[in-house]
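Coordinate inspection notes
These are the residues of each chain, in order.
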Amino acid sequence: MKEPMLQIRNLWKEYDDNIVLERLNLNVNEGEFISIVGASGCGKTTFLNLLLGTECVSRGEIRLDGQPLRQEPSVERGIVFQKYSVFPHLTVLENVLIGLEFGSTQLSGHWLGRMFGPQRQQAQQQARSMLAQVGLSHAEHQYPHQLSGGMRQRLSIAQSLVKQPRILLLDEPFGALDPGIRKDMHELVRKLWQEQHLTVFMITHDLSEGFHLGSRVWVFDHPRLDPQSPERYGAQVTFDIPLHKTAIQSAQTPHLLTEHVSTMVQPIPDAI
Ligand SMILES: Nc1ncnc2c1ncn2[C@@H]1O[C@H](COP(=O)(O)OP(=O)(O)OP(=O)(O)O)[C@@H](O)[C@H]1O
C-alpha cells in the first residue's frame, strides 16, 4: 500500500504555558482536499503554519514523503491568506513574476534580484499561463488597488500556484468576499485542485463551504477543557469526515448531505 504523503505523529504545539494543539495523529494522501473547521482560537492557523514551516512543532513530527518536513517555507508548499498578500506597487503580472524570481535567483540564502534574458521570458510565459488559468489575463497591467476583492484573491492564488507547489494551504481565503464571488472562487479552486493534482488544506468558518469543496473535513475542538485554565489542554481533530464524490455532489442538497455524513463521521479514537 502506498505510504501517505503526509504523516502527522503525536504532534503538540505549545506557546509557553499555552497548549494549542495536542496529540495529533493524522495521515493525508496526495490529492486530498481537507477542509478545516473549528471554533475561533482553537489552533487552525497554527496548524497551517506548522505545515508551511513558519512555526516549529513542540513535540512529535510531520513527515512528508516519509522524510521529516523541512521547518522552513519551500516551493512545494504555497499559502493564500484571507487578507490579500499581494504587493501594491507591482502590476498583476509582476506580482506573479516576483514569486518565480524569488524562487529561482536564490543563491547561498541571498536574493540576487531579477531574472534576465531567456530566463525572464520563460518566467513571463509561465506567469501569463497562470494568470489565464485564474481568469486574469485581461488585467496583467493593472495594479492591485484597481482590482475587485475577488480579482485580488485570484491574484494571490496565482502567486502561490505559479511555483507549482504540491500542497496548497488556504487560510479562510474567501472570508472577505461577497457570496456571488465566493461561488466563482469555489469553482476556480476546485478546478485548480483537480487539474494541478494539488493536496489542499483549507480553513473555513463556513461549514457548507467546507463540505462543498472538501474531500474530507476535519473538526478541530477541545475534547478536554479546564474552565479555570483554558490553556491547559490543546485542541485535537475530534472528527475526521471523509466525503466521497457523492457527498460533494449532494452538498447542493443539505438534507442529503446530513444523512450521508452521519453515516460516515469517524471520531478520532484517541480523542478523549
Ligand atoms: N506566535 C504566537 N505566539 C503565541 N501564541 C500564539 C501565536 N500564534 C498563535 N498563538 C495562540 O495560539 C492559539 C490558537 O491561535 P490560532 O490563530 O491558531 O487559532 P485559530 O483557530 O486559527 O483562530 P481563528 O479561527 O480565530 O483564526 C491562540 O490562543 C493564540 O493566541
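Residues numbered from 1 in each chain as written. Predicted model: local features only at pLDDT ≥ 70, side-chain atom pairs only at ≥ 80, totals over all residues. Heavy atoms only, no water.

Named according to an unreviewed UniProt entry, the chain is Bicarbonate transport ATP-binding protein CmpD originating from Vibrio spartinae.

Here's the deal with the overall build of the chain
The helix and strand tally for the chain stands at eight helices and 13 strands. Classification of the 272 residues of the chain by burial places 49% in the buried group. Within the chain, contacts between residues at least 6 apart in sequence are counted, and of these 69% link residues at least 24 apart. Within the structure as shown, the chain displays about 13,500 Å² of accessible surface, and the carbon and sulfur contribution to it stands at 53%. (Helix = DSSP H or I, 4+ residues; strand = E, 2+ residues; numbered from the N terminus. Buried < 20%, exposed > 50% of the residue type's maximum accessible area, 1.4 Å probe, protein only. Contact = heavy atoms within 4.5 Å. Areas by Shrake-Rupley, 256 points an atom, 1.4 Å probe, with all protein chains shown as cover.)

Some details on the sheet that holds strand E4 (residues 59-64)
Strand order in this open sheet of four strands is E2-E1-E4-E5, and the pairing throughout is antiparallel. The open sheet has two free edges, formed respectively by strand E2 (18-28) and strand E5 (67-68), since each of these has just one partner strand. Where strand E1 (residues 6-15) and E2 come together, seven bridges link them in antiparallel fashion. Bridging across to E2, Leu 11 finds its partner in Leu 24. Against the sheet, helix H1 (residues 44-52) engages E1, E2 and E4, with an angle of about 120 degrees to E1. (Pairing = 2+ DSSP bridges. Axes fitted to C-alpha atoms, helices over the stretch in contact; angles between N-to-C directions.)

Remarks on the site of the ligand
If you check the shell around the ligand, you find 13 residues, and the closest are Ser 40, Gly 41, Lys 44, Thr 45 and Thr 46. Contact between the ligand and Asn 18: an oxygen atom at 3.4 Å from a side-chain N or O atom of the residue. Take Gly 41: an N or O atom from its main chain is 2.8 Å from an oxygen atom of the ligand. Isolated, the ligand exposes 640 Å² of accessible area, and the fraction of that covered by the protein chains is 59%. Elements that contribute at least two residues to the shell around the ligand include exactly E2 and H1. Sorting elements by how many residues they give to the shell around the ligand places H1 first, with three residues. Split by residue class, the shell around the ligand holds four nonpolar, seven polar and two charged. (Near = heavy atom within 4 Å. Polar contact = N/O pair within 3.5 Å; in protein donor to acceptor, adjacent residues only side chain to side chain. Nonpolar A, V, L, I, M, F, W, Y, C, P; charged D, E, K, R; others polar.)

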